[in-house]
Amino acid sequence: RKFDGESTRQLTAAEIRQIAGRAGRFGGRYGDRGLVTCLSHEDLEVVRKTLAFHNSAEAFHDKLCAAVFPTSAQLESFSHALEADIGQFLPFADLLERFFALA
């Protein structure tokens, strides 16, 4: 739970993950692991459930891949701007490489 200046409220799942993530990064003493605890058993259960769900959701998302590719109009605009900048057209593969390097 958190006192937000006016009242005590339950932390959101995003806030719990943020706090746990900071515990894992702080100083690097524990590698990629952090120690997270609470002052009450009720809150500890909420933290455990939140992090367990997050870890299972993260494992699920690791198996999914998606990409958003630029439209042909965006690539054409980029190509013309790049040509004006460097004085030549680039092969398509090089154009994409430059585009993604700047994206």
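You'll find the structure just up there.
For the structure given in this document, a descriptive report is provided here.

Calculation criteria
Residues numbered from 1 in each chain as written. Predicted model: local features only at pLDDT ≥ 70, side-chain atom pairs only at ≥ 80, totals over all residues. Heavy atoms only, no water. 1 Å grid on protein atoms, 1.4 Å probe; cavity = no way out; pocket = protein on both sides within 12 Å on 5 of 7 lines; lining within 4 Å. Points joined across faces, edges and corners; volume = space filled by probe spheres on them. Helix = DSSP H or I, 4+ residues; strand = E, 2+ residues; numbered from the N terminus. Nonpolar A, V, L, I, M, F, W, Y, C, P; charged D, E, K, R; others polar. Core = buried A, V, L, I, M, F, W, Y, C linked by side-chain atoms within 4.5 Å. Buried < 20%, exposed > 50% of the residue type's maximum accessible area, 1.4 Å probe, protein only. Phe/Tyr/Trp six-rings, centres within 6.5 Å; stacked < 30°, edge-to-face > 60°. Expected span 1.5 Å × (residues − 1). Arc of directions from axis to C-beta. Contact = heavy atoms within 4.5 Å.

Describing the layout of surface pockets
Quantified by volume, the second largest pocket comes out at close to 210 Å³. Looking at the second largest pocket, it is lined by 13 residues, and the ones nearest its centre are Arg 1, Leu 11, Thr 37, Cys 38 and Val 47. Elements supplying a minimum of two residues to the lining of the second largest pocket: α1 (13–25) and α2 (41–62). If you tally residues by element for the lining of the second largest pocket, the top one is α2, at 3 residues. A class-by-class count of the residues in the lining of the second largest pocket yields 8 nonpolar, 3 polar and 2 charged.

What to know about the nonpolar core
Listed in full, the 6 residues of the largest apolar core are Leu 75, Phe 78, Leu 82, Leu 95, Leu 96 and Phe 99. Going through the elements one at a time, α3 (72–86) and α4 (92–102) are the ones with two or more residues in this core.

Observations concerning the packing of aromatic side chains
By the definition in use, this model includes 2 aromatic pairs. Both rings, one in Phe 78 and one in Phe 99, keep their centres 5.2 Å apart while their planes meet at 85°; by these two values the pair is edge-to-face. Here the residue Phe 78 occupies a position in helix α3, and Phe 99 occupies one in helix α4, the gap between them amounting to 21 residues. Taken as a pair, Phe 78 and Phe 99 share a single burial class, namely buried. Residues Phe 99 and Phe 100 carry aromatic rings whose centres are separated by 5.6 Å and whose planes lie at 85° to one another, so their mutual orientation is edge-to-face.

Details of α3
In a regular helix each residue adds 1.5 Å, so 15 residues correspond to 21 Å; α3 covers 21 Å between its end C-alpha atoms and thus fits that length. Listed in full, the buried residues belonging to α3 are Leu 75, Phe 78, Ser 79 and Leu 82. Along α3, the residues classed as buried sweep out an arc of 105° about the axis, all on the same side. For α3, the secondary structure elements touched by its buried residues are α4. One or two steps after α3, the chain reaches Gly 87, where phi turns positive at roughly 85°.

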